[in-house]
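Listed here are the chains, written in short residue letters.
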Amino acid sequence: MHLVPRLSVLATSVAFGAAATLGASPASAASATYSLSYTTLGNGTKVVARWNPCRAHSYKVNLVSVPVATRPAVLAETQAAMRVLAAKSGMTFTYKGSTTEVPRQGSYSTQSADIVIAYTTPAKTNYSLWGNTLGMGGYAGGWRSSTTGTTTIYTAGLNKGYLVLDTPDLLAHLKPGFGLGLRRGNLLLHELAHVVGLGHVSNARLLMNPAMTSYTPNGYAVGDAAGLARVGRSAGCITGW
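In this text, all values refer to a predicted model and were calculated from it rather than measured experimentally.

Q: Help me understand the overall build of the chain, please; the structure alone is not making it clear to me.
A: Check the secondary structure of the chain and you find four helices and nine strands. In the chain, the order of α-helices and β-strands from amino to carboxyl end is β-β-β-β-α-β-β-β-β-α-α-β-α. For the chain, the residues scored as buried account for 51% of the 241 residues in total. For the chain, contacts bridging at least 24 residues in sequence account for 72% of all contacts bridging at least 6. Looking at the chain as shown, the accessible area adds up to about 10300 Å², and 54% of this sits on carbon and sulfur atoms.

Q: For this particular structure, what's the right way to read the nonpolar core?
A: In globular proteins that are soluble, nonpolar side chains generally tend to be buried together. By size, the foremost hydrophobic cluster in this structure holds 44 residues, and its most contacted members are F93, I117, Y119, L165, L192, V196 and Y220. Among the secondary structure elements, those contributing two or more residues to this core are β4 (56–62), α1 (71–89), β6 (115–120), β7 (133–148), β8 (151–166), α3 (184–195) and α4 (222–231). Setting aside its immediate chain neighbours within four residues, F93 contacts H57, Y59, M82, L85, A86, I115 and V196. In terms of nonpolar packing, the next biggest core, distinct from the first, is built from eight residues, Y108, A118, M136 and V164 among them.

Q: What am I meant to see in the packing of aromatic side chains here?
A: In this description, a pair of aromatic rings is defined by centroid distance and the angle of the planes. Applying the stated criterion across every chain yields a total of four aromatic pairs. Connected via pairs of aromatic rings, a cluster forms that spans Y108, Y127 and Y162. Positioned above the aromatic ring of W241 is the side chain of R144, whose terminal nitrogen or guanidinium carbon lies 3.8 Å from the ring centre.

Q: I keep staring at the pairing of β6 and nothing clicks. Help me out?
A: Working note: regular strand, side chains alternate between the two faces of the sheet. Along β6, six of the six residues are buried, which leaves the element largely enclosed by surrounding structure. Residues I115, I117 and Y119 of β6 are buried on one face, and the alternating residues V116, A118 and T120, pointing to the opposite face, are buried as well. Note that β6 and β8 share six bridges and pair parallel. In the strand pairing of β8, Y119 is matched with L165.

Q: Before we go on, may I ask you to explain the packing of α1 against α4 in this structure?
A: For any two helices packed against each other, one specifies the crossing angle of their axes together with the interaxial distance. Running from N to C, α1 and α4 cross one another at 70°; their axes reach a closest spacing of 8 Å. The pairing of α1 with α4 is recorded here as roughly perpendicular in orientation. Touching L85, K88 and S89 of α1 are A225, L228 and A229, all from α4. Taken together, the residues of the contact of α1 with α4 sort by class into four nonpolar, one polar and one charged.

Q: What exactly am I supposed to notice about the pairing of strand β5 (residues 92–98) here?
A: As judged from the five bridges shared by β4 and β5, these two strands associate in the parallel manner. Along β5, the bridge assignment pairs S58 with T94. Each parallel crossover has a hand, and the one from β4 via α1 to β5 is right-handed.

Procedures and definitions
- Residue positions are given per chain, counted from 1 along the sequence in the order it is written.
- Where totals are concerned, whole chains, interfaces and linings use all residues; where local detail is concerned, this predicted model gives features only for residues with pLDDT of at least 70, and gives and counts side-chain atom pairs only at 80 or more.
- Values reported for side chains reflect all heavy atoms of the structure, with hydrogen atoms and water molecules removed beforehand.
- Starting at the N terminus, helices and strands are each numbered in turn, a helix being any DSSP run of H or I of at least four residues and a strand any DSSP run of E of at least two.
- The buried label goes to any residue with under 20% of its type's maximum accessible area, the exposed label to any with over 50%, and the partly exposed label to all in between, with areas taken from a 1.4 Å probe on protein chains only.
- Should any heavy atoms of two residues lie within 4.5 Å, those residues are counted as being in contact.
- Per-residue and other accessible areas were derived by the Shrake-Rupley procedure at a 1.4 Å probe size, with only the shown protein chains allowed to occlude residues.
- For our purposes a nonpolar core is just a set of buried Ala, Val, Leu, Ile, Met, Phe, Trp, Tyr and Cys residues, chained together by side-chain atoms within 4.5 Å.
- Working definition: rings of Phe, Tyr and Trp (its six-membered ring) pair if their centres are within 6.5 Å, and the pair is stacked with planes under 30 degrees apart, edge-to-face with planes over 60 apart, and tilted otherwise.
- Ring-over charges, as used throughout, are those where CZ of Arg or NZ of Lys falls within 6 Å of the ring centre and within 35 degrees of the ring normal.
- One requirement defines pairing of two strands: DSSP has to find at least two bridges between them.
- Lines fitted to C-alpha atoms define the axes, with helix axes restricted to the stretch in contact, and inter-axis angles between N-to-C directions lie between 0 and 180 degrees.
- Just so you know how the angles are binned, under 35 degrees is roughly parallel, over 145 roughly antiparallel, 65 to 115 roughly perpendicular, and the rest oblique.
- Lys, Arg, Asp and Glu make up the charged group, whereas Ala, Val, Leu, Ile, Met, Phe, Trp, Tyr, Cys and Pro make up the nonpolar group; the residues left over, Gly among them, are polar.
- For the handedness criterion, the strands are oriented away from the viewer, and a crossover whose path from the first strand over the helix to the second runs clockwise is classed as right-handed.

Pasting the structure below:
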């Protein structure tokens with residue numbers, strides 16, 4: 001299974017998007033606080049799709065499409081975003097260095113790390129980064145079973161993740177660092193939450209809203225953090241994943 005959510009930038013201060021598509025104001029937005037994904041086990045039971053929070057997960061970063069002078073800042077933002085994700089989820093992520101890999105549909109099995117984050121261009125991946133889509137993040141996983149006598153135990157987990165970013169557009173239209181609104185840090189945190197299993201919500205005051213606007217919070221809001229807790233350490237270990 002895999003999930004490929006995307007984040008769009010919709011704001012009058014950005015070259016693409018129109019004011020008419022900004023949608024409801026925060027006061028009238030839907031109240032859903034988080035959205036989870038599910039795996040159906042072999043016995044038909046549905047469980048929350050999540051990584052095993054009781055072991056460390058590796059990640060690598062591809063900065064090839066980032067101008068050389070900007071690479072230290074972008075890498076620092078990426079590592080900072082991973083630390084925020086770790087703090088909010090209770091999970092552990094270990095940086096394993098740089099890579100030239102660009103995730104494509106079906107490339108999970110060849111990844112050199114559990115999670116590959118690629119600053120790339122639309123032409124280099126078959127995940128859709130065209131138009132106003134600045135990033136896409138997702139995961140792969142499944143379920144397993146083991147039988148002892150007459151008892152069958154089912155487990156499910158995620159074990160590969162990816163994040164692809166439209167580098168020329170994000171550098172041109174997003175401010176560096178973290179903060180309210182159109183920030184590179186918010187883009188990273190949004191897509192990384194997809195990688196660990198969160199979906200989109202319609203509440204404009206939450207980071208997991210699919211449109212980045214001037215209403216976008218500085219990092220994970222309370223509802224986003226509640227979702228990360230549901231897929232993180234507090235949800236317990238997953239044996240074998």
